[in-house]
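# Structural description and commentary
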Amino acid sequence: QVQLVESGGGLAQPGGSLRLSCTASGSIFSFYAMGWYRQTPGTQRELVATITSSLSTIYSDSVKGRFTISRDNAKNTVVLQMNSLKPEDTAVYYCNADLRLASGFRSDYWGQGTQVTVSS
């Protein structure tokens, strides 16, 4: 059974930094893509950043230049380094893993979510 375990959320000052980490356990395959999404009350979950197994990345415009996503394929771990944090970055952040197999099987897995609060 695949489980995504997240860590690193918490409180940061504006302009500060946080590092989110997510490790996927229970899979014998590397994931095609891993990434982070975030959601605030009353809003849809939105993409923050994703990274593929070949290390191609996509960032939302709102975080580009401030956040950096990376991964360790062997460990099925994805890290989001968040710098220059702004109050509008406050949200629950969810780790996502996208599994794709040659058989056509596809599945998305989600972490429980970790709160990030940016406030003075």
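Above: the structure in question.
An account of the accompanying structure is given in this report. In this text the structure is predicted, and so the values were computed from the model without any measurement.

### Points about the state of the cysteines
Evaluation of the coordinates by the stated rule reveals 1 disulfide. Across a sulfur-sulfur distance of 2.0 Å, Cys 22 and Cys 95 are joined as a disulfide pair. Taking the sign of the S-S torsion, about -85° here, the bridge from Cys 22 to Cys 95 comes out left-handed. Here the residue Cys 22 occupies a position in strand β3 (residues 18-25), and Cys 95 occupies one in strand β9 (residues 91-100), the gap between them amounting to 73 residues. The buried category is assigned to Cys 95, whose relative accessible area is 0%.

### A few points about the packing of aromatic side chains
By the definition in use, this model includes 2 aromatic pairs. Centre to centre, the rings of Phe 31 and Tyr 109 are 6.1 Å apart; their planes meet at 70°, and the pair counts as edge-to-face. Pair noted here: Phe 31 is in the loop between β3 and β4 (33-39) and Tyr 109 is in strand β10 (residues 106-110), with a separation of 78 residues, a long-range link. Of the residues examined, Phe 31 reaches a relative accessible area of 1% and is grouped as buried. Each ring, one from Tyr 37 and one from Trp 110, has its centre 5.1 Å from the other, and the planes form 65°; the classification is edge-to-face. Of this pair, Tyr 37 sits in strand β4 while Trp 110 sits in strand β10, placing them 73 residues apart in sequence. Above the ring of Tyr 94, the side-chain terminus of Arg 45 is found at 3.6 Å from the ring centroid. One Lys or Arg, Arg 45, reaches over the ring of Trp 110 and ends 4.8 Å from the middle of that ring.

What counts and how
Residues numbered from 1 in each chain as written. Predicted model: local features only at pLDDT ≥ 70, side-chain atom pairs only at ≥ 80, totals over all residues. Heavy atoms only, no water. Disulfide = S-S within 2.5 Å. Helix = DSSP H or I, 4+ residues; strand = E, 2+ residues; numbered from the N terminus. Buried < 20%, exposed > 50% of the residue type's maximum accessible area, 1.4 Å probe, protein only. Phe/Tyr/Trp six-rings, centres within 6.5 Å; stacked < 30°, edge-to-face > 60°. Lys NZ or Arg CZ within 6 Å of the ring centre and 35° of its normal.

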